[in-house]
Structures are given as structure tokens and as C-alpha cells.
Amino acid sequence: LEDLPLGLALVDPDGRTVWINQAARSLLGTDDLARASFLQEATGESYPADALPHALALRGERVVVNDIYASRDDGTTILEISASPVTSGAFLSIRDITQRREIEDELARTRDEALRSARVKTEFLANVSHEIRTPLNGVLGSTGLLLGTPLTPEQRDFAELIRSSGETLLSLVNDVLDLSRVEGFLTEHLPQVG
């Protein structure tokens, strides 16, 4: 038990540390749980002694508490502490989750940046689509007016080609606009689900 990389400790019914392995001493920066400096993430104030995992276990509860911040000489470590009541007090396992929290925070930042980029892209596509549709509608309207005038067969073929190409292009622009609306909806609502 002394050589395990997982921090382990045993406290007596009065909350005094009876035994603690090297990994726990290293994680806590002390060999006595009562002298460990625990901090709460939100307030930065001392963690209430009666809310510490071993105090809860001494009251008969089996608990796992994440994000306990332990201040040590070499910095602050984020711990996960599991505590279980035993006949002689409480048994604790202590794990360093600092790196896991840093990875989770980086993933959250990356996700937020990707969502922001997707929103910007969606807005850009919607704006470009609208900007293309306006002159394209003018081209189609003018072509329709042109086709209502007397034209040579060759001129009529050219005007029909312009109208056909314009309608195809307008259909593509509408599809892009629809896709940007769907993507915008998904970008806005899916993160709330996940």
C-alpha cells in the first residue's frame, strides 16, 4: 500500500490521520489530513472542515468529492477524494485530477471556439447568399422582360440560356441559404443538448 501511486489514508473516529502512504503525502503536501490546506474552486476560501470527505465518511457516508483544491508549496493540485466509513474510522483514496481537468478545460475551449467559428461561417454564408440573390433576381427579371419582346431565334436562344442558367444558380444559392439556416440552428441548439 505504501508504494501504490494512488494516495491512501486512514483516519480514526476523531479525524486524526492514523496512516497515510507516500503518494497521499505527496499529493497533500503533508502527512496529516488535518494540516492539509484545502480550497474551494469558486471562493478560494478554506474548504469547510465538516464537508471534507473524511468528515462525511466519519458520519457514515460513502462519498466521492471532485475538484478539491489542495495548496502545496509547489502549487495547487486538483484532487478527487473518495472516502468510505470503516470500523476504525474512515478510509480515503486520493487521486490527482489536475491534468484531467486541464484537458477537459482545453476541450471545452476548443469546442467553444469551433462553435463560434461555425456561427461566423453560417452568418457569412447567409449574408453572401442574400447578396448574390439580389442581383440574380434582377438578371432573371430583366431576362423575363427581354423574352417578352420581339427577338430573333438566336437572341431568344441566348435569353433562354441566361434565364435557365440564372434559375439554376438561384436554386443553388437558395440551397446554400437553407443549409446555412439548418447549420445555424444546429450550432445554436445542439451544444445545449450535449
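Above this text is the structure in question.
Residues numbered from 1 in each chain as written. Predicted model: local features only at pLDDT ≥ 70, side-chain atom pairs only at ≥ 80, totals over all residues. Heavy atoms only, no water.

Asks: Just checking my understanding: could you explain the nonpolar core for this structure?
Replies: Here is a general trend for soluble globular proteins: nonpolar side chains tend to be buried in one another's company. L28, L33, F38, L79, I81, L92 and I94 are the most contacted members of the largest nonpolar core, which totals 22 residues. Among the elements of the structure, β1 (7–11), α1 (22–28), α2 (53–58), β4 (63–72), β5 (75–86) and β6 (89–96) are those that each provide at least two residues to this core. Excluding residues that lie within four positions of it along the chain, L33 makes contacts with A9, V11, T17, L28, F38, H54 and L92. (Core = buried A, V, L, I, M, F, W, Y, C linked by side-chain atoms within 4.5 Å. Buried < 20%, exposed > 50% of the residue type's maximum accessible area, 1.4 Å probe, protein only. Helix = DSSP H or I, 4+ residues; strand = E, 2+ residues; numbered from the N terminus. Contact = heavy atoms within 4.5 Å.)

Asks: It is not clear to me how a nonpolar patch on the surface should be interpreted in this structure. Could you clarify?
Replies: Nonpolar side chains collect at one region of the surface, where V182, F185 and L186 lie side by side and expose about 280 Å² of accessible area between them. By the secondary structure assignment, V182 is in helix α4 (residues 153–193). (Patch = residues over 30% accessible without salt bridge, like charges linked within 9 Å, V, L, I, M, F, W, Y side chains within 5 Å. Areas by Shrake-Rupley, 256 points an atom, 1.4 Å probe, with all protein chains shown as cover. Salt bridge = Lys/Arg side-chain N within 4 Å of Asp/Glu carboxyl O.)

Asks: Any chance you could explain the pattern of salt bridges here in plain terms?
Replies: Between side chains of opposite charge, pairing is possible as soon as their charged atoms come close. Across all of its chains, the model carries 12 salt bridges by this definition. Between E80 and R100 there is a salt bridge, with the nearest N and O atoms lying 3.7 Å from each other. With a gap of 20 residues between them, E80 in strand β5 and R100 in helix α3 (residues 98–147) connect regions that are remote in the sequence. By relative accessible area, E80 is classed as buried at 13%. A residue is classified by how much of its surface remains accessible, and R100, at 35% relative accessible area, is partly exposed.

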